[in-house]
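Spelled out, the chains give:
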Amino acid sequence: MGMLGKLLLLLLLAMVVVGVIQKRRNERLRLQKKPQTDVKKMVSCPVCGVHFAEVDGVWVSGKSYCSLECAQKAENANKH
């Protein structure tokens with residue numbers, strides 16, 4: 001093998017080593033990143049009992065309902 005062959009072999013070996021190092025680094029960074037989950041507080045509708053994300057509820061008189069229909073039912077029940 002001539003000088004050029006040895007140089008090419010050395011260059012190829014260096015590229016493989018750099019590739020392995022980069023792959024390990026990327027895997028380590030990927031594992032360090034924590035998945036971001038959008039956690040929402042779940043509550044139960046006082047009228048029908050269905051569970052829903054509190055932020056998606058309808059607020060009436062300080063209470064959260066799953067829908068406007070349930071909120072109106074509760075208001076009508078309180079009037080009687």
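Residues numbered from 1 in each chain as written. Predicted model: local features only at pLDDT ≥ 70, side-chain atom pairs only at ≥ 80, totals over all residues. Heavy atoms only, no water.

A. Quick peek at helix α2 (residues 68-79). In this model α2 runs 17 Å from its N-terminal to its C-terminal C-alpha over twelve residues, within 8% of the 16 Å that 1.5 Å per residue would give. Restricting attention to buried positions, one finds in α2 the residues Cys70, Ala71 and Ala74. Around the axis of α2, the buried residues are gathered within 105° of arc, so they sit on the same side. Across α2 from its buried face, at more than 90 degrees, point the exposed residues Leu68, Glu69 and Lys79. On its buried face, α2 sits against β3 (58-60) and β4 (63-65). (Helix = DSSP H or I, 4+ residues; strand = E, 2+ residues; numbered from the N terminus. Expected span 1.5 Å × (residues − 1). Buried < 20%, exposed > 50% of the residue type's maximum accessible area, 1.4 Å probe, protein only. Arc of directions from axis to C-beta. Contact = heavy atoms within 4.5 Å.)

B. Summary view of helix α1 (residues 3-32). The terminal C-alpha atoms of α1 lie 44 Å apart, and with 30 residues this matches the ideal 44 Å at 1.5 Å per residue to within 8%. Of all 30 residues in α1, zero are buried; the element is thus mostly exposed.

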